[in-house]
Amino acid sequence: DFSRYTFHEALTPCQTSTVVARWALQNLGKRPYILVADYAFGHEHLDGWRQQIQAAGGQEAGGDLHPLGAPDFSAFFPKILAARPDFLVLANFGKDTLKSAQQAVAFGLKQQMPIVISITSTETIQEGGPEVFGDCYMGGSWFWTLADRIPSSKRFVDAFRAKHGRPPSDY
């Protein structure tokens with residue numbers, strides 16, 4: 001999106017969900033349960049997942065919309081477990097991803113099924129740590145280790161690290 005007032009470059013929810021869904025449906029099973037943030041971002045992810053489930057000959061085990069900024073996700077977990085999905089999809093972002101993943105792990109869902117996150121940020125992963133996000137499958141828009149393979153990424157990462165004392169995040 002570019003105008004004299006704004007410049008924005010990012011993946012769309014449909015792009016992200018398409019790529020992550022294709023991989024998950026090929027590698028984790030054909031029956032996901034999808035927990036989606038109830039606003040445009042989440043709805044676009046849900047549409048992308050549903051298109052890919054249909055294309056893969058899969059079936060949605062279930063799905064729920066949650067309010068943006070929900071403090072508690074525990075009411076969803078018994079329903080998710082009862083549906084017996086092949087994996088759980090979290091199609092939300094930021095604090096919603098952090099809280100839903102933390103609570104799903106605390107409830108024991110990660111021991112019952114893989115958790116797939118349509119897209120997240122390195123800040124969210126760092127805040128939750130390996131206890132929450134270890135062994136989860138996640139989409140991301142960029143990761144600083146691309147500097148190992150792409151010269152322009154290396155120049156950017158080196159300059160950012162020199163200025164800020166840490167690698168850049170995806171955003």
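Our subject is the structure that appears above.
Residues numbered from 1 in each chain as written. Predicted model: local features only at pLDDT ≥ 70, side-chain atom pairs only at ≥ 80, totals over all residues. Heavy atoms only, no water.

Visitor: Break down the overall build of the chain for me, with residues and values.
Guide: When its secondary structure is counted, the chain shows 7 helices and 5 strands. Across the chain, helices and strands are ordered from the amino to the carboxyl terminus as α-β-α-β-α-β-α-α-β-α-β-α. Here the C-alpha radius of gyration of the chain, 17 Å, is about what a compact globule of 171 residues would show, namely 16 Å. Viewed in the frame of its principal axes, the chain has a C-alpha envelope of about 50 × 35 × 30 Å. The proportion of buried residues among the 171 residues of the chain is 45%. Long-range pairs, those at least 24 residues apart, make up 71% of the contacts in the chain with a sequence separation of at least 6. Per element, the accessible surface of the chain, about 9500 Å² overall, is 54% carbon and sulfur. Taking the average place of the 16 positive charges on the side chains of the chain and the average place of its 17 negative ones, the gap between the two points comes to 4 Å. (Helix = DSSP H or I, 4+ residues; strand = E, 2+ residues; numbered from the N terminus. Rg over C-alpha atoms; globule rule 2.2 N^0.38 Å. Buried < 20%, exposed > 50% of the residue type's maximum accessible area, 1.4 Å probe, protein only. Contact = heavy atoms within 4.5 Å. Areas by Shrake-Rupley, 256 points an atom, 1.4 Å probe, with all protein chains shown as cover. Lys, Arg positive; Asp, Glu negative; His and termini not counted. Charge placed at Lys NZ, Arg CZ, Asp CG, Glu CD.)

Visitor: Quick rundown of the sheet that holds strand β5 (residues 137-138)? Include the residues and the values.
Guide: In space, the 5 strands of this open sheet follow the order β2-β1-β3-β4-β5, with parallel pairing throughout. If you trace the sheet from one side to the other, it starts and ends with β2 (62-66) and β5, each paired once. Note: strand β4 (residues 115-117) against β5, 2 bridges, orientation parallel. Across the sheet, the residue bridging to isoleucine 117 is methionine 138, located in β5. Those strands touched by helix α1 (residues 13-27) are β1 (32-37), β3 (87-91), β4 and β5, and its axis lies near 160° from that of β4. (Pairing = 2+ DSSP bridges. Axes fitted to C-alpha atoms, helices over the stretch in contact; angles between N-to-C directions.)

Visitor: Explain the pairing of β1 residue by residue, including any values.
Guide: Counting buried positions along β1 gives 6 out of 6 residues, so the element sits mostly inside the fold. Burial of β1 is two-sided: the residues Pro32, Ile34 and Val36 facing one way and the residues Tyr33, Leu35 and Ala37 facing the other way are all buried. Pairing between β1 and β3: 5 bridges, direction parallel. Looking across to β3, one finds that isoleucine 34 is bridged to valine 89. Across 5 bridges, β1 lies against β2 in parallel orientation. Opposite tyrosine 33, over in β2, you have glycine 62 as the bridge partner. Chirality of the crossover, the property in question, places the unit of β1, helix α2 (residues 40-55) and β2 among those that are right-handed. (Right-handed = clockwise from strand over helix to strand, strands pointing away.)

Visitor: Let's hear about the pattern of salt bridges: which residues, and what values?
Guide: Oppositely charged side chains can pair when the atoms bearing their charge come close. Under the counting rule described, the total for this entry stands at 4 salt bridges. Measuring nitrogen to oxygen at the nearest pair gives 3.0 Å for the salt bridge that ties aspartate 64 to lysine 79. Here the residue aspartate 64 occupies a position in strand β2, and lysine 79 occupies one in helix α3 (residues 77-83), the gap between them amounting to 15 residues. Classification of lysine 79 as partly exposed rests on a relative accessible area of 45%. (Salt bridge = Lys/Arg side-chain N within 4 Å of Asp/Glu carboxyl O.)

Visitor: Which residues make up the packing of α1 against α2, and what values do they have?
Guide: Look at α1 against α2: their axes get within 8 Å of each other, and the N-to-C directions meet at 40°. By the angle between their axes, α1 is oblique relative to α2. In this structure, α1 meets α2 at a crossing whose hand is right-handed. For the pair α1 and α2, the contacting residues are Pro13, Cys14, Thr16, Ser17, Thr18, Val20, Ala21, Arg22, Ala24 and Leu25 in the first and Phe41, Glu44, His45, Gly48, Trp49, Gln52 and Ile53 in the second. Residues belonging to the contact of α1 with α2 are distributed by class as follows: 9 nonpolar, 6 polar and 2 charged. (Parallel < 35°, antiparallel > 145°, perpendicular 65-115°, else oblique. Left-handed = near helix turned anticlockwise from the far one by under 90°. Nonpolar A, V, L, I, M, F, W, Y, C, P; charged D, E, K, R; others polar.)

Visitor: Lay out helix α4 (residues 95-107) with the relevant residues and their values.
Guide: For α4, spanning 13 residues, the distance from its first C-alpha to its last is 18 Å, which sits close to the expected 18 Å at 1.5 Å a residue. The inward-facing, buried residues of α4 abut β2, α3, β3, α5 (109-112), β4 and α6 (122-133). Downstream of α4 by one or two residues, glycine 108 has phi in the positive range, about 95°. (Expected span 1.5 Å × (residues − 1).)

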